[in-house]
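What the coordinates show
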There are 2 protein chains.
Amino acid sequence: MKRDSRLSGILHVLLHMAEQSGPMTSETLAAAMSTNPVVIRRIMAGLREQGYVRAERGHGGGWSLACKLETTTLRDIHDALGGSALLALGNRTESPGCLVEQAVNAALDQAFREAEQILLGRLGQISLAQLSADFHRRRVAGATPHHMESHHAA
Amino acid sequence: MKRDSRLSGILHVLLHMAEQSGPMTSETLAAAMSTNPVVIRRIMAGLREQGYVRAERGHGGGWSLACKLETTTLRDIHDALGGSALLALGNRTESPGCLVEQAVNAALDQAFREAEQILLGRLGQISLAQLSADFHRRRVAGATPHHMESHHAA
DNA sequence: GTTTCATGTAACTAACAATGTTACATAATG
DNA sequence: CATTATGTAACATTGTTAGTTACATGAAAC
């Protein structure tokens with residue numbers, strides 16, 4: 001089962017945007033995620049609708065952050081992305097007539113729901129500011145200046 | 001993201017096997033999971049290798065349980081199925097050079113690992129016997145006799 | 001005002017993974 | 001030895017996701 005890495009990818013570009021004063025184009029961001037600009041726009045659309053980022057057209061346009069890093073959590077971003085399923089496992093049938101399967105579903109559902117709540121809770125406790133702070137710690141520790149271009153393929 | 005329902009499906013057939021004295025053929029089990037006999041054999045292969053079920057060929061052959069319901073947990077079954085990924089989310093790159101992405105990965109990895117541990121732990125606490133007991137409770141509550149055939153399409 | 005540069009979005013294509021199917025070998029039983 | 005079952009490889013089908021093309025819209029530069 002292939003894992004959905006949109007959250008990981010978009011957090012990556014959001015933090016790059018946080019390091020930047022002006023707006024960044026879809027093309028630039030796409031390079032950082034080694035993907036296509038249209039894919040960026042597609043994913044960012046959800047964030048724009050929720051007001052986490054702003055898009056400006058034309059010359060000098062592009063994407064910029066429109067939220068406070070301190071109060072925006074990874075869960076917010078996940079939700080803005082569409083809040084897709086967190087678990088790779090699921091029940092075969094949702095409301096089966098078979099009592100055996102009902103028993104199986106009941107047990108699995110409970111376990112699944114619990115794990116989902118834990119994960120959502122965790123994501124809700126991590127702010128973009130924390131990630132940014134962690135990045136700055138790493139940069140200081142490594143003592144290398146940060147240039148986006150130097151870390152991603154052109 | 002489509003969810004993997006093999007665990008759900010195979011637990012279903014295992015409990016049906018528990019209700020049966022003799023072996024059950026792949027064809028019969030496939031009917032209960034509304035799938036193909038070969039799919040059953042494919043999935044059951046892992047369980048056979050781990051000794052949870054036994055397969056006998058030829059006349060009167062088929063699948064039968066070879067484990068104690070009390071000591072076999074849902075986690076055992078999950079592992080025997082290949083222990084596939086539990087989460088639908090993942091990181092874009094495993095060991096990125098970009099410090100920003102390292103910070104993102106570190107945070108997500110921790111949250112993911114925690115949720116996975118919770119789920120595995122839960123699955124490890126539920127035995128096949130518990131599911132079976134729950135089924136029997138449901139059967140008594142509903143006061144309807146149980147015939148596998150009557151609950152699944154032919 | 002027209003050229004350029006950007007996003008917005010629909011439609012299409014490609015790639016991939018999971019499932020289903022066919023075919024045939026192997027083994028056990030009557 | 002005919003029948004019935006599993007074992008397994010090979011192939012086909014299906015469905016989802018990501019990638020791409022194409023073009024409309026809007027904003028700034030000139």
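- Going by the annotation in an unreviewed UniProt entry, the name recorded for chain A is Rrf2 family transcriptional regulator, with Solimonas marina given as the source organism.

**So, the pairing of strand β1 (residues 53-56) of chain B**
Residue and element names in this part refer to chain B.
- Pairing between β1 and strand β2 (residues 62-65): four bridges, direction antiparallel. In the sheet register, Val-53 faces β2, and the bridge partner there is Leu-65.
- What sits between β1 and β2 in their antiparallel hairpin is a turn of five residues, with Gly-58 showing a positive phi close to 75 degrees.

**Structural notes on the interface of chain B and chain A**
- The interface is formed by 56 residues belonging to chain B together with 57 residues belonging to chain A.
- Where chain B abuts chain A, roughly 5000 Å² becomes buried across the two surfaces, and 69% of that area is made up of carbon and sulfur atoms.
- It is Arg3(B), Leu89(B) and Arg92(B) that lose the most area in chain B upon contact with chain A, and together they represent 14% of the buried surface on that side.
- Here chain B is connected to chain A by four salt bridges.
- Across the pair Glu116(B) and Arg3(A) runs a salt bridge whose closest N-O atoms are separated by 3.1 Å.
- Run the count over chain B and chain A and you get 18 residue pairs in polar contact (both at pLDDT 80 or more).
- Those elements that place two or more of their residues in the side of chain B that touches chain A are α1 (6-18), α4 (74-80), α5 (99-125) and α6 (128-142) of chain B.
- Among the elements that make up the side of chain B that touches chain A, the one with the highest residue count is α5(B) (19 residues).
- Partitioned by chemical class, the residues of the side of chain B that touches chain A number 29 nonpolar, 16 polar and 11 charged.

**Some details on the protein's contact with DNA strand D**
- By nearness alone, 22 residues border DNA strand D, and Arg57(A), Met1(B), Ser26(B), Arg41(B) and Arg48(B) come closest of all.
- Sugar plus phosphate, as a fraction of atoms of DNA strand D within 4 Å of the protein: 61%.
- Between DNA strand D and the protein, one listed contact pairs a base nitrogen with a side-chain N or O atom of Arg42(B) at 3.5 Å.
- Residue Arg48(B) places a side-chain N or O atom 2.4 Å away from a phosphate oxygen belonging to DNA strand D.
- Only α3 (37-49) of chain A together with α3 (37-49), β1 and β2 of chain B provide two or more residues apiece to the surface near DNA strand D.
- The element that contributes the greatest number of residues to the surface near DNA strand D is α3(B), accounting for four residues.
- Split into classes, the residues belonging to the surface near DNA strand D amount to six nonpolar, nine polar and seven charged.

**Considerations on the relation of the copies chain B and chain A**
- Superposing chain B onto chain A takes a rotation of 180 degrees combined with a translation of 0.0 Å along the rotation axis, leaving an RMSD of 0.1 Å. Taken together, the rotation and translation describe the operation of a two-fold axis.
- Comparing interface residues between copies, 100% of those in chain B also lie at the interface in chain A; the contact surface is shared.

**Quick notes on the packing of helix α6 (residues 128-142) of chain A against α5(B)**
- In the contact formed by α6(A) and α5(B), the axes pass within 8 Å of each other and the chain directions differ by 125 degrees. Taken together, the axis directions place α6(A) and α5(B) in an arrangement best described as oblique. At the point where α6(A) passes α5(B), the crossing takes the right-handed sense. Of α5(B), the residues touching α6(A) (which contributes Leu131(A), Asp134(A), Phe135(A), Arg138(A) and Arg139(A)) are Leu99(B), Val100(B), Gln102(B), Ala103(B), Val104(B), Ala106(B) and Ala107(B).
- By residue class, the composition of the contact of α6(A) with α5(B) is eight nonpolar, one polar and three charged.

**A closer look at the protein's contact with DNA strand C**
- Close to DNA strand C lie 23 residues; Met1(A), Ser26(A), Arg41(A), Arg48(A) and Arg57(B) are nearest.
- Looking at DNA strand C alone, sugar and phosphate atoms form 64% of those within 4 Å of the protein.
- With respect to DNA strand C, the side chain of Arg41(A) contributes an N or O atom lying 3.2 Å from a phosphate oxygen.
- Within the side chain of Thr35(B), one N or O atom sits 2.6 Å away from a phosphate oxygen of DNA strand C.
- Residue assignment for the surface near DNA strand C shows that the elements contributing at least two residues are α3, β1 (53-56) and β2 (62-65) of chain A together with α3 of chain B.
- With four residues, the top contributor of residues to the surface near DNA strand C is α3(A).

What counts and how
- Residues numbered from 1 in each chain as written.
- Chains lettered and ligands numbered in written order.
- Predicted model: local features only at pLDDT ≥ 70, side-chain atom pairs only at ≥ 80, totals over all residues.
- Heavy atoms only, no water.
- Pairing = 2+ DSSP bridges.
- Helix = DSSP H or I, 4+ residues; strand = E, 2+ residues; numbered from the N terminus.
- Contact = heavy atoms within 4.5 Å.
- Buried area = accessible area lost by both parts, 1.4 Å probe.
- Salt bridge = Lys/Arg side-chain N within 4 Å of Asp/Glu carboxyl O.
- Polar contact = N/O pair within 3.5 Å; in protein donor to acceptor, adjacent residues only side chain to side chain.
- Nonpolar A, V, L, I, M, F, W, Y, C, P; charged D, E, K, R; others polar.
- Near = heavy atom within 4 Å.
- Least-squares fit on C-alpha atoms with pLDDT ≥ 70 in both.
- Axes fitted to C-alpha atoms, helices over the stretch in contact; angles between N-to-C directions.
- Parallel < 35°, antiparallel > 145°, perpendicular 65-115°, else oblique.
- Left-handed = near helix turned anticlockwise from the far one by under 90°.

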